[in-house]
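Coordinates in review
Chain by chain, the residues:
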Amino acid sequence: QVQLVESGGGLVQAGASLRLSCVASGRTFGSYIMGWFRRAPGKEREFVASITQNGWSTYYANSVKGRFTISRDNAKNTVWLQMNSLEAEDTAVYYCAARRTTATVYEIWGQGTQVTVSS
């Protein structure tokens, strides 16, 4: 199993940028599809972005398309979420998650990092 630790959250003003990092332990990081999710106050967790094992394909929620970019470096056991043009609606706890290709749900979750955007 892979263990995930997120970092990079903070308090920024609308229009600013942040880059979240997720560092994985273990030797099988490259076998997992990686994703970013977020949970805003009073709302359920929602999908933000995902990236395939080799990094060749990425997927984004409509709400973040054109603003967020997910990337990974398997040699560094790290996945990033570059967030640009942040809006107040992006305020949430952001979670890094991992799943095997054959799994239908994300199996491994990080502890989360808080992102707060002031308008």
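Small disclaimer: the values here were computed from a predicted structure and weren't measured.

So, the packing of aromatic side chains
On inspection of all chains with the given rule, the structure shows four aromatic pairs. In this structure an aromatic cluster arises from ring pairing among F37, F47, Y106 and W109. Its end group placed over the ring of F29, R72 keeps NZ or CZ at 4.6 Å from the ring centre. A cation over a ring is seen here: R99 above Y106, with NZ or CZ 5.5 Å from the ring centre.

Some thoughts on the pattern of salt bridges
Once the charged atoms of two side chains with opposite charge are near each other, the side chains can pair. Going through the model one piece at a time under the given rule, you end up with four salt bridges. The shortest N-O distance in the salt bridge between E46 and R38 comes to 2.7 Å. For E46, a relative accessible area of 34% translates into the label partly exposed. Note on R38: relative accessible area 5%, which makes it buried.

With respect to the state of the cysteines
Applying the stated criterion across every chain yields a total of one disulfide. Across a sulfur-sulfur distance of 2.1 Å, C22 and C96 are joined as a disulfide pair. Since a negative S-S torsion denotes a left-handed disulfide, the C22-C96 link at about -80° is left-handed. You can see C22 sitting in strand β3 (residues 18-24) and its partner C96 sitting in strand β9 (residues 92-100), a full 74 residues away along the chain. Look at C22 and you get buried, because its relative accessible area is 0%. On the basis of relative accessibility, which here comes to 0%, the residue C96 falls in the buried class.

About the cut-offs
- Residues numbered from 1 in each chain as written.
- Predicted model: local features only at pLDDT ≥ 70, side-chain atom pairs only at ≥ 80, totals over all residues.
- Heavy atoms only, no water.
- Phe/Tyr/Trp six-rings, centres within 6.5 Å; stacked < 30°, edge-to-face > 60°.
- Lys NZ or Arg CZ within 6 Å of the ring centre and 35° of its normal.
- Salt bridge = Lys/Arg side-chain N within 4 Å of Asp/Glu carboxyl O.
- Buried < 20%, exposed > 50% of the residue type's maximum accessible area, 1.4 Å probe, protein only.
- Disulfide = S-S within 2.5 Å.
- Helix = DSSP H or I, 4+ residues; strand = E, 2+ residues; numbered from the N terminus.

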